[in-house]
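A look at the structure
Take a look at the letters that make up each chain.
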Amino acid sequence: VTIASLSSMQPENAEISQGKQYASKGISSLLVQSCCVGDNEDLKYAQFVIESISKKSSSSFSMTGLTGSTNGHFGVSSHSGEVKWQRTKT
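A brief report on the enclosed structure follows. Keep in mind that what you see is a predicted model, and the values were worked out from it rather than measured.

1. Topic: the side chain of Asp42
- Along the chain, Asp42 turns up in helix 2 (residues 42-54).
- For Asp42, a relative accessible area of 14% corresponds to the buried category.
- Within polar-contact distance, the side chain of Asp42 engages the backbone nitrogen of Gly38 at 2.8 Å.
- Every residue in contact with Asp42, bar those within four places of it in the chain, is listed here: Cys35, Cys36, Val37 and Arg87.

The following block contains the structure:
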């Protein structure tokens, strides 16, 4: 088993594209450093990273059909682009 390490909270969510690059090279285990820091966004950020790296759909176009994802009730928006987090990288 090969494990690749990623830094969390990269500008423009670059950890997502980096994780997808590792996955395309056959690396099936990723360690996202400082993903959980003890704040109220731990779960939302971890879910965002896991789902974004593992989804096979287009990262430039997505239509979920879920009103909650569009209006932000689920913590992230369905539009493409950088997701803004309240936490800051330490």
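2. A few points about unusual backbone geometry
- For Asn13, which is not a glycine, the phi torsion comes out positive at approximately 55 degrees.
- By secondary structure assignment, the location of Asn13 is in the loop between strand 1 (3-7) and helix 1 (14-24).
- Its identity as a non-glycine residue notwithstanding, Ser34 has a phi of 60 degrees, on the positive side.
- As for its placement among the helices and strands, Ser34 is situated in the loop between strand 2 (29-33) and helix 2.
- Judged by its relative accessible area of 49%, Ser34 falls in the partly exposed class.

3. With respect to the packing of aromatic side chains
- Taken as a whole and judged by the stated rule, the model has three aromatic pairs.
- Measuring from centroid to centroid gives 6.4 Å for Tyr45 and Phe48, while their planes differ by 40 degrees, and the two rings are tilted. Of the two residues, Tyr45 and Phe48 both sit in helix 2, three residues apart, roughly one turn of that helix.
- Residue classification places Tyr45 among the buried residues on the basis of a relative accessible area of 0%.
- Among the residues examined, Phe48 registers a relative accessible area of 11% and is labelled buried.
- Aromatic ring contacts, followed pair by pair, group Tyr45, Phe48 and Trp85 into a single cluster.

The rules behind these values
Residues numbered from 1 in each chain as written. Predicted model: local features only at pLDDT ≥ 70, side-chain atom pairs only at ≥ 80, totals over all residues. Heavy atoms only, no water. Helix = DSSP H or I, 4+ residues; strand = E, 2+ residues; numbered from the N terminus. Buried < 20%, exposed > 50% of the residue type's maximum accessible area, 1.4 Å probe, protein only. Polar contact = N/O pair within 3.5 Å; in protein donor to acceptor, adjacent residues only side chain to side chain. Contact = heavy atoms within 4.5 Å. Phe/Tyr/Trp six-rings, centres within 6.5 Å; stacked < 30°, edge-to-face > 60°.

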